[in-house]
Amino acid sequence: MTSDATPLLSVRGLEKRYGARIGCTDVSFDLWPGEVLAVVGESGSGKTTLLSCVSARLEPTAGTVSYRMRDGETRDLGRLTEAERRFLARTDWGFVHQNPADGLRMRVSAGANVGERLMAVGNRHYGRLREAGADWLGRVEIDAARIDDRPTEFSGGMRQRLQIARNLVTHPRLVFMDEPTGGLDVSVQARVLDLLRSLVADLGLAAIVVTHDLAVARLLSQRMIVMKAGEVVEAGLTDRVLDDPHHPYTQLLVASIPEA
Ligand SMILES: Nc1ncnc2c1ncn2[C@@H]1O[C@H](COP(=O)(O)OP(=O)(O)OP(=O)(O)O)[C@@H](O)[C@H]1O
């Protein structure tokens, strides 16, 4: 089976309830290899719930998430064993959190933060781990001389770039991002976004990016879904949705973007 014949990820009829409250409901979409999908919507619309269910961190109440594994077999994530899920998360997936402290080990060096992910996939050679660490620091524009510093000594933007390096060093096929620039100063957001965009393109990564910022969706994604009160109200190519929004809620979101 060729990589283009089947989606990397297929979500069908996904629902998550918290007791009587709806987190998200009736969500369906496909994600293709190398494609970036943005999930947008206001606070409480269900974006994080959806991301957590799709990345197998939260068990959905109904619906399925299928993922095409490296061997070409498509598996229902709900039927994986805990060990299989953890292996996927360590090797095939990345997760970039809004707060870098949630995705980094703050008490170990920058180099070890990057090397650790490689060790998890079987690399043991100290010299090569250090070399890869230095290489990846360079790729995220952190001076290799800072390799032995801890993230606690880094600025917010540097921490976020380090978290990106830690996630991408193993060449995952799919990266989940939850407001990847949301916690950063406006002045450093553009640089991190630019870096993310070029790395995602260079590595041919597929990604799902949760954001309330339509500018982030515009810059990073080819397709987007718009959520309101847990439901998808509009889906389509990012440029189409933003330039010609059909649903009144999307029109409202687009109209509320401040003029540049
Ligand atoms: N652990 C939880 N227990 C109960 N209700 C929850 C829980 N997590 C989320 N919810 C509810 O599910 C709905 C969707 O929340 P979710 O966090 O997914 O939205 P969001 O779009 O990611 O919001 P934000 O942008 O503020 O993070 C909300 O009504 C929220 O109150």
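Calculation rules
Residues numbered from 1 in each chain as written. Predicted model: local features only at pLDDT ≥ 70, side-chain atom pairs only at ≥ 80, totals over all residues. Heavy atoms only, no water. UniProt positions renumbered as here; feature names shortened; annotations may be inferred. Helix = DSSP H or I, 4+ residues; strand = E, 2+ residues; numbered from the N terminus. Buried < 20%, exposed > 50% of the residue type's maximum accessible area, 1.4 Å probe, protein only. Contact = heavy atoms within 4.5 Å. Near = heavy atom within 4 Å. Polar contact = N/O pair within 3.5 Å; in protein donor to acceptor, adjacent residues only side chain to side chain. Areas by Shrake-Rupley, 256 points an atom, 1.4 Å probe, with all protein chains shown as cover. Nonpolar A, V, L, I, M, F, W, Y, C, P; charged D, E, K, R; others polar. Expected span 1.5 Å × (residues − 1). Arc of directions from axis to C-beta. Right-handed = clockwise from strand over helix to strand, strands pointing away. Pairing = 2+ DSSP bridges. Axes fitted to C-alpha atoms, helices over the stretch in contact; angles between N-to-C directions.

Going by an unreviewed UniProt entry, the protein carries the name Phosphonate C-P lyase system protein PhnK and comes from Plantimonas leprariae. Reading the Sequence similarities (unreviewed entry) entry of the UniProt record for the protein gives the comment "Belongs to the ABC transporter superfamily." Under the UniProt heading Subcellular location (unreviewed entry), the note attached to the protein is "Cell inner membrane".

A.B. asks: Whenever I open this one, the overall build of the protein confuses me. Can you help?
C.D. replies: Helix and strand counts for the protein stand at 10 helices and 10 strands. Dimensions of the protein, computed from C-alpha atoms along their principal axes, come out at roughly 55 × 45 × 40 Å. Across the 260 residues in the protein, those meeting the buried criterion constitute 48%. Here the contacts in the protein between residues at least 6 apart in sequence split such that 67% fall between residues at least 24 apart.

A.B. asks: Before we go on, may I ask you to explain the site of the ligand in this structure?
C.D. replies: In the region of the ligand, the neighbouring residues are Y18, R21, I22, G23, E42, S43, G44, S45, G46, K47, T48 and T49. At 2.7 Å, a side-chain N or O of T48 approaches an oxygen atom of the ligand. Relative to its unbound accessible surface of 630 Å², the ligand loses 60% to contact with the protein. Elements that contribute at least two residues to the shell around the ligand include exactly β2 (21–31) and α1 (47–54). Among the residues making up the shell around the ligand, the classes are represented as 2 nonpolar, 7 polar and 3 charged.

A.B. asks: Even after reading the chapter, I still don't get helix α5 (residues 126–139), so can you show me in this structure?
C.D. replies: Because each turn of an α-helix spans 3.6 residues, side chains separated by three or four positions in sequence point in the same direction. Here α5 contains 14 residues, and its C-alpha end-to-end distance of 20 Å stays within 8% of the 20 Å for a straight helix at 1.5 Å per residue. Among all positions of α5, only L129, A132, G133, W136 and L137 are buried. Summarising the axial view, the buried residues of α5 lie within an arc of 135°, below the 170-degree limit, and thus occupy one face. Exposed positions of α5 whose direction lies more than 90 degrees from the buried face are R128 and E131. The first or second residue beyond α5 is E141, which carries a positive phi of 60°.

A.B. asks: Got a minute to help me understand the pairing of strand β7 (residues 174–178) in this structure?
C.D. replies: Walk down a regular strand and you will see the side chains alternate between the two sheet faces. Within β7, 5 of the 5 residues are buried, which leaves the element mostly enclosed by the surrounding structure. On β7, burial covers both faces: L174, F176 and D178 on one face and V175 and M177 on the other are all buried. A crossover links β7 with its parallel partner strand β8 (residues 206–211), the connecting element being helix α7 (residues 186–203), and its sense is right-handed.

A.B. asks: I'm lost on the sheet that holds β8 in this one. Help?
C.D. replies: Two pairing modes exist for strands in a sheet, parallel and antiparallel, and in both the strands are linked by backbone hydrogen bonds. Here 6 strands make up an open sheet; going across it, the order is β6-β7-β8-β3-β9-β10 and the pairing mixed. For this open sheet the edge positions go to β6 (93–96) and β10 (231–237), each flanked by a neighbour on one side alone. Pairwise comparison of adjacent strand axes, ignoring direction, gives a mean angle of 15° for this sheet.

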